[in-house]
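# Structural overview for review
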Amino acid sequence: MPGLAPMASPIAALSGSWRVPARHVILVGLPGAGKSTVGGLLADALARPFVDFDVELARRAGRSVAEQFAHDGEPAFRAREAELSRELATALADTGPMVLAPGGGWLANAAAAAPLAPVGRTIYLRTSPTEALARLGDAVATRPLLVADGDPRAALDGLLARRAAAYERADHRIETD
């Protein structure tokens, strides 16, 4: 399959011989896929700024993503994601390319993903729900979409089923299990 790179190290796959475009690199995937971890490492390797959407949106709102979901609901959070995407799309000309790690649902939200499509390249960090859950560990409690029904594994399975088509449309895919 074109664009699929099974690698033990996503950093090696992305910063080694791969030609990194003068566009934003946007890491997508399930919660626990490694977007934040890989994003920070990749940004360092490429000497680019790194923006973790959840961290930035929490900073702006003055409360965690979980608190935003609880108080404002998911639609309000997704609207803030879309606003940040619009800002980052126009920032390319001013700041240069960055490494971006949006939330797991970002790519499935057309209003959020569309502004960055012309100025970014998406990379799907493909991981199984089992591996994602293991990586999250106790942090799963901070993920509102995973704990709402009390079964984080079933929630991850459901998220993957709903988002798989969007994830698979990414420009590149890397196995991270």
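Quick look at the structure, then.

Calculation notes
As a convention, each chain's residues are numbered from 1 in the sequence order in which they are written. Predicted model: local features are reported for residues with pLDDT of at least 70 only, side-chain atom pairs are reported and counted for 80 or more only, and whole-chain, interface and lining totals are derived from all residues. Derived side-chain values reflect all non-hydrogen atoms in the structure, with water molecules and hydrogen atoms excluded from consideration. In this description, a line fitted to the C-alpha atoms serves as the axis of each element, helices being fitted only across the stretch in contact, and the angle between N-to-C directions of two axes falls anywhere from 0 to 180 degrees. Helical segments are the DSSP runs of H or I of at least four residues, strand segments are the runs of E of at least two, and each set is numbered from the N terminus. Orientation labels follow simple angle bins: below 35 degrees gives roughly parallel, above 145 gives roughly antiparallel, 65 to 115 gives roughly perpendicular, and whatever is left gives oblique. Here a residue-residue contact requires only that any non-hydrogen atoms of the pair lie within 4.5 Å. Partly exposed residues are those whose accessible area sits between 20% and 50% of the maximum for their type, while under 20% is buried and over 50% is exposed, using a 1.4 Å probe and protein chains only. For two strands to pair, DSSP has to find at least two bridges joining them. Note on aromatic contacts: the rings of Phe and Tyr and the six-membered ring of Trp form a pair at centre separations within 6.5 Å, being stacked when their planes are under 30 degrees apart, edge-to-face when over 60 apart, and tilted otherwise. We place a 1 Å grid over just the protein atoms. Points where a 1.4 Å probe fits but has no way out form a cavity, open points with protein on both sides within 12 Å along at least 5 of 7 lines form a pocket, and any residue with an atom within 4 Å of a point lines it. Grid points are joined across faces, edges and corners, and a volume is the space filled by probe spheres set on the points. In the scheme used here, Gly and all other residues not listed as nonpolar or charged are polar, with Ala, Val, Leu, Ile, Met, Phe, Trp, Tyr, Cys and Pro taken as nonpolar and Asp, Glu, Lys and Arg as charged.

Now for the packing of helix α4 (residues 65-72) against helix α5 (residues 74-95). To characterise two packed helices, one gives the angle between the axes of the helices and the distance between these axes. Two numbers describe how α4 lies on α5: the axes approach to 7 Å, and their chain directions differ by 125 degrees. When the axes of α4 and α5 are compared, the pair comes out oblique. Together, Val65, Gln68, Phe69 and Asp72 of α4 and Glu74, Ala76, Phe77, Arg78 and Arg80 of α5 make up the contact between the two elements.

Attention shifts here to the pairing of strand β2 (residues 24-28). Side-chain positions along a regular strand alternate between the two faces of the sheet. Counting buried residues along β2, 5 of its 5 residues qualify, which places the element largely inside the surrounding structure. Here β2 shows no split at all, with His24, Ile26 and Val28 on one side and Val25 and Leu27 on the other all buried. Two strands pair when backbone bridges link them, and β2 and strand β5 (residues 120-126) are joined in this way by 5 bridges, in the parallel orientation. The residue bridging Val25 from the neighbouring strand is Arg121, located in β5. Relative to strand β4 (residues 99-101), β2 runs parallel, the two sharing 2 bridges. Bridging across to β4, Ile26 finds its partner in Leu100.

This paragraph deals with the packing of aromatic side chains. According to the stated counting rule, one finds 3 aromatic pairs in the structure shown. Relative to Phe77, the ring of Phe69 has its centre 5.1 Å away and its plane inclined at 45 degrees; by these criteria the two rings are tilted. Assigned by exposure class, Phe69 and Phe77 land together as buried.

Considered as a void within the structure, the largest pocket measures approximately 530 Å³ in volume. If you trace the largest pocket, you find 29 residues lining it, with Pro31, Gly32, Lys35, Asp54 and Arg143 closest to the centre. Split by residue class, the lining of the largest pocket holds 14 nonpolar, 8 polar and 7 charged.

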